[in-house]
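Letter by letter, the chains look like this.
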Amino acid sequence: MNMKKTILSFVCLVVTALSASGQVAVKTNLALDALAIPNVGMEVGLSKKLTLDVPVYYNPWKQVMWREQEGKLFKLFMVQPELRYWFCDKFNGHFVGLHAMGGAYNTTGLDLPFTPFDNLADYRYKGHFYGGGISYGYQYILNRHWSIEGTVGLGYAYVRYKQYPCQNCKPMKEKGHENYIGPTRAALNLIYVF
């Protein structure tokens, strides 16, 4: 828990310091909002064509909110900063990005796509991950303050895990790591630009 507070404090400090240098936007990923996964992001203009986007995802729920079945768990904390280059002006049109990511997870009973675990539905996995990747996106201006943005990214993640036989079972069955290559970013963001 202290690691989460340290990372979040560092991100807030960096974003606050950078906010004095340019235009600032706050955003939420509507796709994750639909799944009841709380998230918020801030994007700061660094120059005419560069921005720094810092989304934070935190799902503290013990049970999965979007499934009615018992035995489902998807807890997550993730920070995914991204440096973006805009082909037009910042906060307008096409962009490419270079992102890093890190976080912690605790999940079981789900059959999710794009995961390093083949048997995620049968076992509980708990651990942390870090990695990075590249992305492409487009931001469409709705009016002076509101925009909508779509982005997708591919990359690599080093995933450390502890595997347990079930959600509340102990002892641990095994521990190790996986190397994941695949989608690392996907968002449909609603944005407010100050």
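Preceding block: the structure.
Residues numbered from 1 in each chain as written. Predicted model: local features only at pLDDT ≥ 70, side-chain atom pairs only at ≥ 80, totals over all residues. Heavy atoms only, no water.

Student: Residues and numbers for the environment of Met101, please.
Tutor: Among the secondary structure elements, Met101 is positioned in strand E6 (residues 93-108). Through-space distance from the C-alpha of Met101 to that of Tyr130 is 5.4 Å; in sequence the pair is 29 residues apart. With near-sequence residues (within four places) excluded, Met101 lies in contact with Val79, Gln80, Phe129, Tyr130, Gly131, Gly132, Tyr156, Ala157 and Thr184. (Helix = DSSP H or I, 4+ residues; strand = E, 2+ residues; numbered from the N terminus. Contact = heavy atoms within 4.5 Å.)

Student: Outline the nonpolar core, listing residues and values.
Tutor: In terms of nonpolar packing, the biggest core is built from 18 residues, with Leu76, Tyr105, Phe117, Tyr125, Phe129 and Val159 touching the most fellow members. The residues touching Leu76, leaving out its near neighbours within four places in the chain, are Tyr57, Tyr58, Asn59, Ala104, Tyr105 and Phe129. Core analysis: the second largest hydrophobic core is formed by five residues, Leu52, Val56, Phe77 and Val79 among them. (Core = buried A, V, L, I, M, F, W, Y, C linked by side-chain atoms within 4.5 Å. Buried < 20%, exposed > 50% of the residue type's maximum accessible area, 1.4 Å probe, protein only.)

Student: Before we move on, could you go through unusual backbone geometry and cite the residues and values that matter?
Tutor: Phi angles above zero are rare outside glycine, and Ala36 is one such case at about 65°. Along the chain, the position of Ala36 falls in the loop between helix H2 (30-34) and strand E2 (39-45). Despite not being glycine, Phe91 shows a phi value in the positive range, around 65°. Assignment of secondary structure puts Phe91 in the loop between strand E5 (82-86) and E6.

Student: Tell me what's going on with the pattern of salt bridges, and back it up with residues and numbers.
Tutor: Under the defined criterion, the tally for this structure stands at ten salt bridges. Between Lys27 and Asp53 there is a salt bridge, with the nearest N and O atoms lying 3.4 Å from each other. With a gap of 26 residues between them, Lys27 in strand E1 (residues 24-29) and Asp53 in strand E3 (residues 50-59) connect regions that are remote in the sequence. Residue class for Lys27 comes out buried when judged on its relative accessible area of 5%. According to the relative accessible area criterion, Asp53 is buried, its value standing at 1%. (Salt bridge = Lys/Arg side-chain N within 4 Å of Asp/Glu carboxyl O.)

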